[in-house]
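What follows is each chain in one-letter form.
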Amino acid sequence: MTAPQPALDKVFVDFSIKKLRQLAERIKDCLGRLNEEQVWARGSENENAVGNLALHLSGNVRQWIVSGIGGKPDIRVRDREFSARGDITPAELIERLDGVIDEAIAVVQRLNGERLLDKVKVQNYEVTVLEAVAHVVEHFAGHTGQIIYATKLATGSDLGHYKHLSQPKAHTEKTP
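Please read these numbers as outputs of a predicted model, since none were measured by experiment.

Conventions used here
Residues numbered from 1 in each chain as written. Predicted model: local features only at pLDDT ≥ 70, side-chain atom pairs only at ≥ 80, totals over all residues. Heavy atoms only, no water. Helix = DSSP H or I, 4+ residues; strand = E, 2+ residues; numbered from the N terminus. Rg over C-alpha atoms; globule rule 2.2 N^0.38 Å. Buried < 20%, exposed > 50% of the residue type's maximum accessible area, 1.4 Å probe, protein only. Areas by Shrake-Rupley, 256 points an atom, 1.4 Å probe, with all protein chains shown as cover. Lys, Arg positive; Asp, Glu negative; His and termini not counted. Charge placed at Lys NZ, Arg CZ, Asp CG, Glu CD.

> Would you mind showing me how to read the overall build of the protein chain here?
Along the protein chain, the regular secondary structure elements total 7 helices and 2 strands. Order of helices (α) and strands (β) in the protein chain, N terminus to C terminus: α-α-α-α-α-α-β-β-α. Relative to its length of 176 residues, the protein chain is compact, with a C-alpha radius of gyration of 18 Å against a globular reference of 16 Å. Considering the protein chain as a whole, with its 176 residues, one finds that 40% of them fall into the buried category. Roughly 10,400 Å² of accessible area belongs to the protein chain as shown, and the carbon and sulfur atoms make up 53% of that amount. Charge separation in the protein chain, taken as the distance between the mean sites of 23 positive and 24 negative side-chain charges, equals 4 Å.

Pasting the structure below:
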């Protein structure tokens, strides 16, 4: 007799939560390795500093999940995410990111198959709740990659996020 399979909505919700937590931890690790000058360094005005990307992700997650899906007021001022120039410490960025991720996960944990098919309107896009969550996870992953790359450039070090893959025993992580 085979064990019952979890419902598709639960698999999607659990994976989305796991990825947001994993990616947020990687960003926090990067912010912890960088000094304040490195967090706000940019090569030109056409580039975003790590600090700007952290602010941007906090704003995006809050707008799409906490507000768009969860119904809280949309307080985002997107332009401020990119205009900041070092007025927020790495510790404050971590605190802000932790707070919004906790709020978003609380919203996502309550989702079920029926709710995932509901429509929401965020940034003038009408999407299903499932599409909104998938968008946030994808968006978060893309900018996390930028933050990791910038951190590697600034520190010259391997961050060790995949060291388990070079261990003699097979890794136990279910999803990359």
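> What exactly am I supposed to notice about unusual backbone geometry here?
Backbone phi values are negative for most residues with the exception of glycine, while trans is the configuration of most peptide bonds. One non-glycine residue, Gln 123, adopts positive backbone phi at about 50°. Following the sequence through the fold, Gln 123 ends up in the loop between strand S1 (119-122) and strand S2 (125-128). A relative accessible area of 33% means that Gln 123 is categorised as partly exposed. Phi at Asn 124 is positive, roughly 65°, even though this residue is not glycine. If you trace the backbone, Asn 124 turns up in the loop between S1 and S2.

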